[in-house]
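Spelled out, the chains give:
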Amino acid sequence: MVNPPPFSPERQQLVARRLRAALPAQCVLVDAEDTRPYECDALSAYRCLPLAVVLPQDEAQVLAVLNICRELGVPVVPRGAGTGLSGGAQPMREGVVLSTARLNRILRVDPYARLAVVQPGVRNLAVSEAAAPHGLYYAPDPSSQIACTIGGNVAENSGGVHCLKYGLTVHNVLRVRVATIEGEIIELGGEGLDAPGLDLLAVFIGSEGMLGIVTEVTVRLVPKPQVARVIMASFADVLTGAQAVASIIAAGIIPAGLEMMDATSARMVEPFVRAGYDLDAAAILLCEADGTPAEVEEEIARMSAVLEGAGATAIAVSRDEAERLRFWSGRKNAFPAAGRISPDYYCMDGTIPRKALGRVLGGIAEMEGRFGLRCANVFHAGDGNLHPLILFDANDPDQLHRAEAFGAAILALCVEVGGTITGEHGVGIEKIDSMCVQFTDAELSAFFSVKRGFDPAGLLNPDKAIPTLHRCAEFGKMHVRAGRLPFADLPRF
(Lines give C-alpha, C1' and ligand atoms only; values in the text may rest on other atoms or scores of the structure.)
Protein backbone atom coordinates (compact mmCIF):
# COMPACT_ATOMS: atom_id res chain seq x y z
CA MET A 1 0.00 0.00 0.00
CA VAL A 2 1.20 3.53 -0.73
CA ASN A 3 1.46 5.26 2.65
CA PRO A 4 -0.48 8.57 2.59
CA PRO A 5 1.41 11.76 3.43
CA PRO A 6 1.13 12.79 7.08
CA PHE A 7 -1.74 14.97 8.19
CA SER A 8 -1.12 18.72 8.26
CA PRO A 9 -3.37 21.80 8.17
CA GLU A 10 -1.79 22.77 4.84
CA ARG A 11 -2.59 19.39 3.32
CA GLN A 12 -6.16 19.54 4.63
CA GLN A 13 -6.57 22.96 3.03
CA LEU A 14 -5.21 21.67 -0.30
CA VAL A 15 -7.55 18.67 -0.30
CA ALA A 16 -10.54 20.82 0.69
CA ARG A 17 -9.73 23.38 -2.00
CA ARG A 18 -9.55 20.71 -4.73
CA LEU A 19 -12.74 19.01 -3.55
CA ARG A 20 -14.70 22.28 -3.35
CA ALA A 21 -13.67 23.09 -6.90
CA ALA A 22 -15.38 19.88 -8.04
CA LEU A 23 -18.39 19.67 -5.68
CA PRO A 24 -20.82 22.23 -4.24
CA ALA A 25 -19.30 23.81 -1.13
CA GLN A 26 -21.97 22.35 1.14
CA CYS A 27 -20.97 18.85 0.00
CA VAL A 28 -17.46 19.15 1.46
CA LEU A 29 -17.04 19.13 5.26
CA VAL A 30 -13.69 19.86 6.93
CA ASP A 31 -14.43 21.57 10.26
CA ALA A 32 -14.24 19.24 13.26
CA GLU A 33 -17.77 20.17 14.32
CA ASP A 34 -19.08 19.05 10.91
CA THR A 35 -17.01 15.87 10.57
CA ARG A 36 -17.65 14.68 14.14
CA PRO A 37 -20.82 12.71 13.20
CA TYR A 38 -18.67 10.65 10.82
CA GLU A 39 -15.91 9.72 13.27
CA CYS A 40 -17.22 6.16 13.67
CA ASP A 41 -19.93 3.78 12.57
CA ALA A 42 -22.03 1.74 15.02
CA LEU A 43 -18.80 0.30 16.49
CA SER A 44 -18.47 3.45 18.56
CA ALA A 45 -15.62 2.27 20.79
CA TYR A 46 -13.18 3.37 18.07
CA ARG A 47 -13.25 6.93 16.72
CA CYS A 48 -11.20 9.10 14.40
CA LEU A 49 -11.83 12.46 12.74
CA PRO A 50 -11.14 12.32 9.01
CA LEU A 51 -9.29 14.86 6.89
CA ALA A 52 -12.61 15.69 5.19
CA VAL A 53 -16.08 14.30 4.47
CA VAL A 54 -17.65 14.52 1.02
CA LEU A 55 -21.32 13.99 0.17
CA PRO A 56 -21.53 13.65 -3.63
CA GLN A 57 -24.98 14.02 -5.17
CA ASP A 58 -24.46 12.01 -8.36
CA GLU A 59 -22.13 9.55 -10.03
CA ALA A 60 -20.11 12.26 -11.80
CA GLN A 61 -19.27 13.82 -8.43
CA VAL A 62 -18.21 10.42 -7.06
CA LEU A 63 -15.80 10.05 -9.98
CA ALA A 64 -14.48 13.57 -9.43
CA VAL A 65 -13.73 12.82 -5.77
CA LEU A 66 -11.93 9.58 -6.65
CA ASN A 67 -9.83 11.31 -9.32
CA ILE A 68 -8.76 14.04 -6.91
CA CYS A 69 -7.93 11.58 -4.14
CA ARG A 70 -5.92 9.40 -6.53
CA GLU A 71 -3.93 12.39 -7.78
CA LEU A 72 -3.18 13.57 -4.24
CA GLY A 73 -2.64 10.10 -2.76
CA VAL A 74 -5.49 10.53 -0.27
CA PRO A 75 -7.17 7.39 1.12
CA VAL A 76 -10.95 7.12 0.62
CA VAL A 77 -13.24 5.45 3.16
CA PRO A 78 -16.76 4.77 1.77
CA ARG A 79 -19.69 5.18 4.16
CA GLY A 80 -23.38 4.36 3.91
CA ALA A 81 -25.73 5.09 6.81
CA GLY A 82 -23.10 4.33 9.45
CA THR A 83 -25.05 1.40 10.94
CA GLY A 84 -22.23 -1.11 10.38
CA LEU A 85 -21.03 -2.94 13.49
CA SER A 86 -17.45 -3.86 12.58
CA GLY A 87 -15.82 -0.48 11.99
CA GLY A 88 -15.88 -0.90 8.22
CA ALA A 89 -16.56 2.83 7.82
CA GLN A 90 -14.01 3.89 10.45
CA PRO A 91 -12.29 7.04 9.05
CA MET A 92 -8.56 7.64 8.67
CA ARG A 93 -7.03 10.86 9.93
CA GLU A 94 -5.20 11.28 6.62
CA GLY A 95 -8.22 10.24 4.53
CA VAL A 96 -11.52 11.38 3.08
CA VAL A 97 -14.87 9.82 4.04
CA LEU A 98 -17.07 9.46 0.96
CA SER A 99 -20.71 9.26 2.02
CA THR A 100 -23.26 7.89 -0.44
CA ALA A 101 -26.19 9.15 1.65
CA ARG A 102 -27.30 11.69 -0.98
CA LEU A 103 -27.43 9.13 -3.79
CA ASN A 104 -30.83 8.06 -2.53
CA ARG A 105 -33.17 7.68 -5.50
CA ILE A 106 -35.14 4.60 -6.51
CA LEU A 107 -34.57 4.70 -10.27
CA ARG A 108 -36.88 1.91 -11.43
CA VAL A 109 -39.19 -0.79 -10.11
CA ASP A 110 -39.98 -3.46 -12.70
CA PRO A 111 -42.73 -5.76 -11.41
CA TYR A 112 -42.58 -7.96 -14.52
CA ALA A 113 -38.87 -8.67 -14.24
CA ARG A 114 -39.19 -8.59 -10.43
CA LEU A 115 -36.31 -6.20 -9.87
CA ALA A 116 -35.56 -2.68 -8.68
CA VAL A 117 -32.73 -0.35 -9.69
CA VAL A 118 -31.68 1.91 -6.83
CA GLN A 119 -28.87 4.22 -5.80
CA PRO A 120 -26.68 3.13 -2.86
CA GLY A 121 -28.15 5.61 -0.38
CA VAL A 122 -31.66 4.11 -0.58
CA ARG A 123 -32.75 2.58 2.71
CA ASN A 124 -33.26 -1.16 2.80
CA LEU A 125 -36.87 -0.89 3.96
CA ALA A 126 -37.66 1.78 1.35
CA VAL A 127 -37.11 -0.77 -1.43
CA SER A 128 -39.82 -3.03 -0.01
CA GLU A 129 -42.12 -0.05 0.50
CA ALA A 130 -41.71 0.95 -3.16
CA ALA A 131 -42.33 -2.62 -4.34
CA ALA A 132 -45.33 -3.26 -2.05
CA PRO A 133 -48.01 -1.97 -4.51
CA HIS A 134 -46.88 -4.72 -6.89
CA GLY A 135 -47.11 -7.45 -4.24
CA LEU A 136 -43.30 -7.69 -4.09
CA TYR A 137 -40.57 -6.96 -1.55
CA TYR A 138 -36.79 -7.11 -1.03
CA ALA A 139 -36.00 -10.14 1.11
CA PRO A 140 -32.79 -9.34 3.08
CA ASP A 141 -33.95 -7.59 6.26
CA PRO A 142 -31.17 -6.62 8.70
CA SER A 143 -32.34 -5.48 12.11
CA SER A 144 -31.28 -1.97 11.08
CA GLN A 145 -33.34 -2.08 7.86
CA ILE A 146 -35.27 1.06 8.78
CA ALA A 147 -31.98 3.01 8.56
CA CYS A 148 -29.29 0.97 6.77
CA THR A 149 -28.76 1.52 3.05
CA ILE A 150 -28.42 -0.80 0.07
CA GLY A 151 -24.87 0.38 -0.60
CA GLY A 152 -23.83 -0.57 2.92
CA ASN A 153 -25.67 -3.90 2.59
CA VAL A 154 -23.64 -4.64 -0.54
CA ALA A 155 -20.39 -3.69 1.20
CA GLU A 156 -21.04 -6.01 4.15
CA ASN A 157 -23.16 -8.73 2.47
CA SER A 158 -25.89 -8.14 5.05
CA GLY A 159 -28.55 -10.70 5.92
CA GLY A 160 -31.38 -10.61 8.43
CA VAL A 161 -33.84 -12.86 10.21
CA HIS A 162 -35.17 -14.29 6.93
CA CYS A 163 -31.80 -15.09 5.34
CA LEU A 164 -32.14 -18.85 5.98
CA LYS A 165 -34.83 -19.19 3.30
CA TYR A 166 -34.21 -16.14 1.13
CA GLY A 167 -30.46 -15.68 1.35
CA LEU A 168 -28.03 -12.84 2.05
CA THR A 169 -27.42 -9.74 -0.05
CA VAL A 170 -25.21 -11.73 -2.45
CA HIS A 171 -28.20 -13.94 -3.32
CA ASN A 172 -30.50 -10.99 -3.98
CA VAL A 173 -28.36 -8.57 -6.01
CA LEU A 174 -28.28 -8.93 -9.79
CA ARG A 175 -25.96 -6.10 -10.79
CA VAL A 176 -23.84 -3.32 -9.33
CA ARG A 177 -22.47 -0.24 -11.01
CA VAL A 178 -19.10 0.66 -9.51
CA ALA A 179 -16.78 3.68 -9.60
CA THR A 180 -13.15 2.57 -9.48
CA ILE A 181 -10.20 4.43 -7.97
CA GLU A 182 -9.00 4.94 -11.57
CA GLY A 183 -12.04 7.12 -12.21
CA GLU A 184 -13.85 4.59 -14.39
CA ILE A 185 -17.32 3.03 -14.23
CA ILE A 186 -17.67 -0.74 -14.46
CA GLU A 187 -20.75 -2.93 -14.23
CA LEU A 188 -20.67 -6.34 -12.54
CA GLY A 189 -23.45 -8.86 -13.09
CA GLY A 190 -26.60 -8.14 -15.10
CA GLU A 191 -30.36 -8.44 -15.23
CA GLY A 192 -30.21 -11.83 -16.94
CA LEU A 193 -29.81 -15.22 -15.31
CA ASP A 194 -26.06 -15.15 -15.87
CA ALA A 195 -23.34 -12.75 -16.98
CA PRO A 196 -20.28 -13.48 -19.13
CA GLY A 197 -16.82 -13.79 -17.63
CA LEU A 198 -15.70 -14.34 -14.05
CA ASP A 199 -18.26 -13.88 -11.28
CA LEU A 200 -16.82 -10.59 -10.05
CA LEU A 201 -20.20 -9.59 -8.65
CA ALA A 202 -19.83 -12.17 -5.87
CA VAL A 203 -16.25 -10.99 -5.29
CA PHE A 204 -17.38 -7.39 -4.94
CA ILE A 205 -20.33 -8.01 -2.59
CA GLY A 206 -18.92 -8.11 0.94
CA SER A 207 -15.64 -6.42 -0.03
CA GLU A 208 -16.26 -3.62 2.51
CA GLY A 209 -15.47 -0.70 0.23
CA MET A 210 -11.94 -1.90 -0.56
CA LEU A 211 -12.51 -2.50 -4.29
CA GLY A 212 -14.72 0.38 -5.48
CA ILE A 213 -17.60 2.72 -4.73
CA VAL A 214 -21.14 1.50 -5.48
CA THR A 215 -23.18 4.03 -7.47
CA GLU A 216 -26.14 1.86 -8.50
CA VAL A 217 -27.58 -1.51 -7.50
CA THR A 218 -30.10 -3.80 -9.21
CA VAL A 219 -31.83 -5.98 -6.63
CA ARG A 220 -34.09 -9.01 -7.01
CA LEU A 221 -37.65 -8.67 -5.73
CA VAL A 222 -39.73 -11.64 -4.55
CA PRO A 223 -43.50 -12.08 -4.19
CA LYS A 224 -44.87 -11.14 -0.82
CA PRO A 225 -46.22 -14.29 0.88
CA GLN A 226 -49.99 -14.49 1.23
CA VAL A 227 -49.62 -15.23 4.92
CA ALA A 228 -46.89 -15.73 7.51
CA ARG A 229 -47.07 -17.13 11.04
CA VAL A 230 -44.41 -17.62 13.66
CA ILE A 231 -43.97 -20.15 16.46
CA MET A 232 -42.44 -19.08 19.75
CA ALA A 233 -41.04 -22.18 21.46
CA SER A 234 -39.58 -22.25 24.98
CA PHE A 235 -36.83 -24.54 26.25
CA ALA A 236 -35.61 -25.34 29.76
CA ASP A 237 -31.95 -25.16 28.70
CA VAL A 238 -29.96 -23.67 25.84
CA LEU A 239 -28.46 -26.95 24.65
CA THR A 240 -31.91 -28.50 24.15
CA GLY A 241 -32.96 -25.43 22.17
CA ALA A 242 -29.84 -25.69 20.02
CA GLN A 243 -30.58 -29.34 19.30
CA ALA A 244 -34.13 -28.41 18.30
CA VAL A 245 -32.68 -26.17 15.58
CA ALA A 246 -30.79 -29.13 14.12
CA SER A 247 -33.92 -31.28 14.37
CA ILE A 248 -35.98 -28.85 12.30
CA ILE A 249 -33.40 -28.74 9.51
CA ALA A 250 -32.92 -32.53 9.69
CA ALA A 251 -36.67 -32.93 9.16
CA GLY A 252 -36.30 -31.25 5.77
CA ILE A 253 -38.00 -28.02 6.85
CA ILE A 254 -36.55 -24.67 5.75
CA PRO A 255 -38.36 -22.02 7.79
CA ALA A 256 -38.64 -18.45 6.54
CA GLY A 257 -36.89 -17.50 9.77
CA LEU A 258 -35.31 -19.50 12.59
CA GLU A 259 -33.94 -17.37 15.40
CA MET A 260 -32.82 -18.13 18.95
CA MET A 261 -32.45 -15.97 22.06
CA ASP A 262 -31.16 -16.99 25.46
CA ALA A 263 -32.76 -15.99 28.77
CA THR A 264 -30.50 -12.96 29.22
CA SER A 265 -31.60 -11.61 25.83
CA ALA A 266 -35.30 -12.31 26.40
CA ARG A 267 -35.28 -10.61 29.82
CA MET A 268 -33.35 -7.70 28.33
CA VAL A 269 -35.83 -7.21 25.48
CA GLU A 270 -39.23 -7.89 27.09
CA PRO A 271 -39.50 -4.67 29.18
CA PHE A 272 -38.40 -2.71 26.10
CA VAL A 273 -40.92 -3.92 23.48
CA ARG A 274 -43.42 -6.16 25.37
CA ALA A 275 -43.05 -8.94 22.79
CA GLY A 276 -44.75 -11.54 25.00
CA TYR A 277 -41.64 -13.67 25.57
CA ASP A 278 -41.55 -16.51 28.09
CA LEU A 279 -39.23 -15.14 30.77
CA ASP A 280 -39.06 -18.49 32.58
CA ALA A 281 -37.42 -20.15 29.56
CA ALA A 282 -33.66 -20.62 29.29
CA ALA A 283 -33.93 -20.25 25.51
CA ILE A 284 -36.56 -19.13 23.00
CA LEU A 285 -36.83 -20.18 19.37
CA LEU A 286 -38.76 -18.15 16.79
CA CYS A 287 -39.70 -20.29 13.77
CA GLU A 288 -41.60 -18.67 10.90
CA ALA A 289 -43.51 -20.24 8.02
CA ASP A 290 -44.70 -18.25 5.01
CA GLY A 291 -46.52 -18.98 1.74
CA THR A 292 -50.11 -19.85 0.93
CA PRO A 293 -52.48 -20.45 3.87
CA ALA A 294 -52.41 -24.21 3.24
CA GLU A 295 -48.61 -24.32 3.03
CA VAL A 296 -48.24 -22.30 6.22
CA GLU A 297 -50.72 -24.40 8.18
CA GLU A 298 -48.95 -27.59 7.17
CA GLU A 299 -45.47 -26.26 7.96
CA ILE A 300 -46.56 -24.85 11.32
CA ALA A 301 -47.96 -28.25 12.25
CA ARG A 302 -44.77 -30.05 11.17
CA MET A 303 -42.51 -27.61 13.04
CA SER A 304 -44.66 -27.79 16.17
CA ALA A 305 -44.39 -31.57 16.17
CA VAL A 306 -40.61 -31.45 15.76
CA LEU A 307 -40.26 -28.85 18.53
CA GLU A 308 -42.40 -30.87 20.94
CA GLY A 309 -40.36 -33.96 20.19
CA ALA A 310 -37.15 -31.97 20.73
CA GLY A 311 -38.20 -31.01 24.27
CA ALA A 312 -39.99 -27.65 23.98
CA THR A 313 -41.65 -26.77 27.28
CA ALA A 314 -44.16 -24.37 25.70
CA ILE A 315 -45.27 -23.47 22.18
CA ALA A 316 -47.21 -20.38 21.11
CA VAL A 317 -48.26 -19.64 17.51
CA SER A 318 -49.03 -16.10 16.31
CA ARG A 319 -52.76 -15.67 15.80
CA ASP A 320 -52.60 -12.68 13.46
CA GLU A 321 -50.15 -10.37 11.71
CA ALA A 322 -49.95 -7.97 14.65
CA GLU A 323 -48.88 -10.76 17.00
CA ARG A 324 -46.36 -12.09 14.45
CA LEU A 325 -44.76 -8.66 14.21
CA ARG A 326 -44.75 -8.39 18.00
CA PHE A 327 -42.90 -11.70 18.36
CA TRP A 328 -40.29 -10.50 15.87
CA SER A 329 -40.02 -7.03 17.43
CA GLY A 330 -38.20 -8.49 20.40
CA ARG A 331 -35.57 -10.17 18.25
CA LYS A 332 -35.12 -7.12 16.02
CA ASN A 333 -34.75 -4.79 19.00
CA ALA A 334 -32.25 -6.89 20.92
CA PHE A 335 -29.37 -4.52 20.22
CA PRO A 336 -31.03 -1.27 21.35
CA ALA A 337 -32.56 -3.09 24.33
CA ALA A 338 -29.05 -3.88 25.57
CA GLY A 339 -28.73 -0.21 26.49
CA ARG A 340 -31.32 -0.72 29.24
CA ILE A 341 -29.09 -3.04 31.23
CA SER A 342 -25.54 -2.03 30.26
CA PRO A 343 -23.73 1.24 29.44
CA ASP A 344 -22.17 -0.41 26.37
CA TYR A 345 -22.26 -3.63 24.39
CA TYR A 346 -19.87 -5.27 21.96
CA CYS A 347 -21.79 -7.17 19.27
CA MET A 348 -19.82 -10.03 17.79
CA ASP A 349 -20.61 -11.85 14.56
CA GLY A 350 -19.38 -15.36 13.82
CA THR A 351 -20.78 -18.34 11.95
CA ILE A 352 -20.58 -22.00 12.92
CA PRO A 353 -21.97 -25.36 11.76
CA ARG A 354 -25.42 -25.87 13.30
CA LYS A 355 -24.24 -29.08 15.00
CA ALA A 356 -21.75 -27.01 17.01
CA LEU A 357 -24.33 -24.61 18.50
CA GLY A 358 -24.42 -26.35 21.86
CA ARG A 359 -20.64 -26.54 22.18
CA VAL A 360 -20.12 -22.88 21.26
CA LEU A 361 -22.88 -21.59 23.55
CA GLY A 362 -21.38 -23.64 26.37
CA GLY A 363 -17.98 -22.15 25.57
CA ILE A 364 -19.38 -18.62 25.67
CA ALA A 365 -20.92 -19.32 29.08
CA GLU A 366 -17.49 -20.45 30.35
CA MET A 367 -15.90 -17.30 28.91
CA GLU A 368 -18.31 -15.10 30.87
CA GLY A 369 -16.60 -16.30 34.05
CA ARG A 370 -13.11 -16.12 32.55
CA PHE A 371 -13.46 -12.52 31.37
CA GLY A 372 -15.81 -11.33 34.12
CA LEU A 373 -18.43 -9.94 31.70
CA ARG A 374 -22.02 -10.89 30.89
CA CYS A 375 -23.03 -11.97 27.40
CA ALA A 376 -26.52 -12.02 25.85
CA ASN A 377 -26.88 -14.40 22.90
CA VAL A 378 -29.14 -13.69 19.92
CA PHE A 379 -28.53 -15.33 16.58
CA HIS A 380 -29.73 -16.62 13.24
CA ALA A 381 -29.92 -20.17 14.51
CA GLY A 382 -30.93 -21.68 11.18
CA ASP A 383 -27.64 -20.86 9.47
CA GLY A 384 -25.44 -20.76 12.57
CA ASN A 385 -24.78 -17.00 12.51
CA LEU A 386 -24.12 -15.95 16.12
CA HIS A 387 -24.49 -12.43 17.51
CA PRO A 388 -23.23 -12.54 21.12
CA LEU A 389 -23.71 -9.18 22.87
CA ILE A 390 -20.86 -8.68 25.34
CA LEU A 391 -22.01 -6.20 27.99
CA PHE A 392 -19.43 -3.80 29.45
CA ASP A 393 -18.75 -0.20 30.50
CA ALA A 394 -16.48 1.72 28.10
CA ASN A 395 -15.69 4.23 30.86
CA ASP A 396 -13.53 1.47 32.37
CA PRO A 397 -10.59 0.84 30.00
CA ASP A 398 -10.02 -2.58 31.52
CA GLN A 399 -13.59 -3.63 30.73
CA LEU A 400 -13.16 -2.54 27.11
CA HIS A 401 -9.93 -4.53 26.90
CA ARG A 402 -11.66 -7.61 28.39
CA ALA A 403 -14.60 -7.20 25.99
CA GLU A 404 -12.21 -7.17 23.02
CA ALA A 405 -10.42 -10.26 24.33
CA PHE A 406 -13.78 -11.98 24.98
CA GLY A 407 -14.86 -11.26 21.41
CA ALA A 408 -11.60 -12.56 19.94
CA ALA A 409 -11.94 -15.75 22.00
CA ILE A 410 -15.47 -16.31 20.66
CA LEU A 411 -14.24 -15.94 17.08
CA ALA A 412 -11.33 -18.31 17.71
CA LEU A 413 -13.81 -20.88 19.02
CA CYS A 414 -15.98 -20.40 15.91
CA VAL A 415 -12.98 -21.20 13.70
CA GLU A 416 -12.02 -24.15 15.90
CA VAL A 417 -15.40 -25.84 15.35
CA GLY A 418 -15.24 -25.32 11.58
CA GLY A 419 -16.90 -21.91 11.29
CA THR A 420 -15.85 -18.41 10.27
CA ILE A 421 -15.10 -15.09 11.95
CA THR A 422 -18.02 -13.28 10.34
CA GLY A 423 -21.44 -13.91 8.86
CA GLU A 424 -22.89 -10.55 7.85
CA HIS A 425 -21.20 -7.74 9.81
CA GLY A 426 -17.90 -7.87 7.95
CA VAL A 427 -14.33 -7.70 9.25
CA GLY A 428 -13.70 -3.94 9.35
CA ILE A 429 -11.22 -2.99 12.05
CA GLU A 430 -12.98 -5.13 14.65
CA LYS A 431 -11.88 -8.55 13.36
CA ILE A 432 -8.72 -7.63 11.47
CA ASP A 433 -6.49 -9.57 13.87
CA SER A 434 -8.82 -12.56 13.85
CA MET A 435 -8.09 -12.96 10.14
CA CYS A 436 -4.79 -14.41 11.35
CA VAL A 437 -6.66 -17.20 13.13
CA GLN A 438 -8.71 -18.31 10.16
CA PHE A 439 -6.53 -17.84 7.07
CA THR A 440 -3.11 -19.07 5.98
CA ASP A 441 -0.41 -16.84 4.52
CA ALA A 442 -1.23 -18.17 1.03
CA GLU A 443 -4.90 -17.30 1.45
CA LEU A 444 -4.10 -13.81 2.73
CA SER A 445 -1.75 -13.34 -0.22
CA ALA A 446 -4.61 -14.23 -2.59
CA PHE A 447 -6.80 -11.60 -0.91
CA PHE A 448 -4.06 -9.02 -1.43
CA SER A 449 -3.85 -9.93 -5.11
CA VAL A 450 -7.59 -9.30 -5.58
CA LYS A 451 -7.23 -5.97 -3.80
CA ARG A 452 -4.34 -4.95 -6.04
CA GLY A 453 -6.33 -5.88 -9.14
CA PHE A 454 -9.04 -3.35 -8.29
CA ASP A 455 -7.00 -0.80 -6.32
CA PRO A 456 -3.28 -0.82 -7.28
CA ALA A 457 -2.47 2.23 -5.16
CA GLY A 458 -4.21 0.83 -2.08
CA LEU A 459 -6.26 3.97 -1.46
CA LEU A 460 -9.73 2.45 -0.93
CA ASN A 461 -10.37 1.77 2.76
CA PRO A 462 -6.69 0.75 3.12
CA ASP A 463 -6.56 0.14 6.87
CA LYS A 464 -9.22 -2.57 6.49
CA ALA A 465 -7.22 -4.44 3.82
CA ILE A 466 -6.25 -7.59 5.76
CA PRO A 467 -3.81 -7.52 8.71
CA THR A 468 -0.36 -6.03 8.42
CA LEU A 469 2.66 -8.24 9.04
CA HIS A 470 3.24 -6.70 12.47
CA ARG A 471 -0.37 -7.12 13.63
CA CYS A 472 -0.55 -10.72 12.47
CA ALA A 473 2.83 -11.46 14.05
CA GLU A 474 1.82 -10.16 17.46
CA PHE A 475 -1.59 -11.87 17.34
CA GLY A 476 -0.08 -15.08 16.00
CA LYS A 477 2.60 -15.28 18.68
CA MET A 478 -0.05 -15.05 21.36
CA HIS A 479 -1.92 -18.03 19.88
CA VAL A 480 1.27 -20.01 19.18
CA ARG A 481 2.18 -19.73 22.86
CA ALA A 482 -1.28 -21.09 23.68
CA GLY A 483 -0.70 -23.99 21.29
CA ARG A 484 -3.68 -23.06 19.13
CA LEU A 485 -2.22 -21.76 15.89
CA PRO A 486 0.58 -22.80 13.52
CA PHE A 487 2.18 -19.49 12.53
CA ALA A 488 4.23 -18.28 9.59
CA ASP A 489 5.17 -14.79 8.43
CA LEU A 490 2.35 -13.25 6.43
CA PRO A 491 2.67 -11.08 3.31
CA ARG A 492 2.16 -7.34 3.56
CA PHE A 493 0.24 -5.38 0.96
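Before going into details, it helps to say that this report is about the structure given with it.

What counts, and at which threshold
Residues numbered from 1 in each chain as written. Predicted model: local features only at pLDDT ≥ 70, side-chain atom pairs only at ≥ 80, totals over all residues. Heavy atoms only, no water. Buried < 20%, exposed > 50% of the residue type's maximum accessible area, 1.4 Å probe, protein only. Helix = DSSP H or I, 4+ residues; strand = E, 2+ residues; numbered from the N terminus. Pairing = 2+ DSSP bridges. Contact = heavy atoms within 4.5 Å. Axes fitted to C-alpha atoms, helices over the stretch in contact; angles between N-to-C directions. Parallel < 35°, antiparallel > 145°, perpendicular 65-115°, else oblique. Left-handed = near helix turned anticlockwise from the far one by under 90°. Nonpolar A, V, L, I, M, F, W, Y, C, P; charged D, E, K, R; others polar.

## Notes on the pairing of strand β10 (residues 213-220)
Consideration 1: Of all 8 residues that make up β10, 7 are buried, and the element is covered over most of its length.
Consideration 2: By the bridge criterion, 4 bridges tie strand β6 (residues 115-118) to β10 in an arrangement that is antiparallel. In the strand pairing of β10, Val 117 is matched with Thr 218.
Consideration 3: Across 6 bridges, strand β8 (residues 173-179) lies against β10 in antiparallel orientation. Looking at the pairing, Ala 179 lines up with Ile 213 of β10.

## Focus: the sheet that holds strand β3 (residues 76-79)
Consideration 1: Taking strand neighbours across the sheet as the criterion, the 4 strands line up as β1-β2-β4-β3 in an open arrangement whose pairing is mixed. The two strands at the open ends of the sheet, each matched to only one other strand, are β1 (28-29) and β3.
Consideration 2: Alignment of β3 against strand β4 (residues 96-99), held across 4 bridges, turns out to be parallel. The partner of Arg 79 across the bridge, within β4, is Ser 99.
Consideration 3: Contacts from helix α3 (residues 59-72) reach β2 (52-54), β3 and β4 within the one sheet, and its direction differs from that of β4 by about 165°.

## Here's the deal with the sheet that holds strand β9 (residues 185-189)
Consideration 1: Strand order in this open sheet of 5 strands is β5-β6-β10-β8-β9, and the pairing throughout is antiparallel. With partners counted over all chains shown, the strands left at the sheet margins are β5 (106-110) and β9, one partner each. Pairwise comparison of adjacent strand axes, ignoring direction, gives a mean angle of 15° for this sheet.
Consideration 2: Contacts from helix α4 (residues 124-131) reach β5, β6 and β10 within the one sheet, and its direction differs from that of β5 by about 45°.

## A look at the packing of helix α13 (residues 357-371) against helix α14 (residues 397-416)
Consideration 1: Relative to each other, α13 and α14 sit at 155°, their axes nearing to 10 Å. Judged on the interaxial angle alone, α14 and α13 are roughly antiparallel. Here α13 runs over α14; the crossing is right-handed. In this structure, α13 uses Arg 359, Val 360, Gly 363, Ile 364, Met 367, Glu 368, Arg 370 and Phe 371 to contact α14, whose residues at the interface are Arg 402, Ala 405, Phe 406, Ala 409, Ile 410, Leu 413 and Glu 416.
Consideration 2: Grouping the constituent residues of the contact of α13 with α14 by class yields 9 nonpolar, 1 polar and 5 charged.

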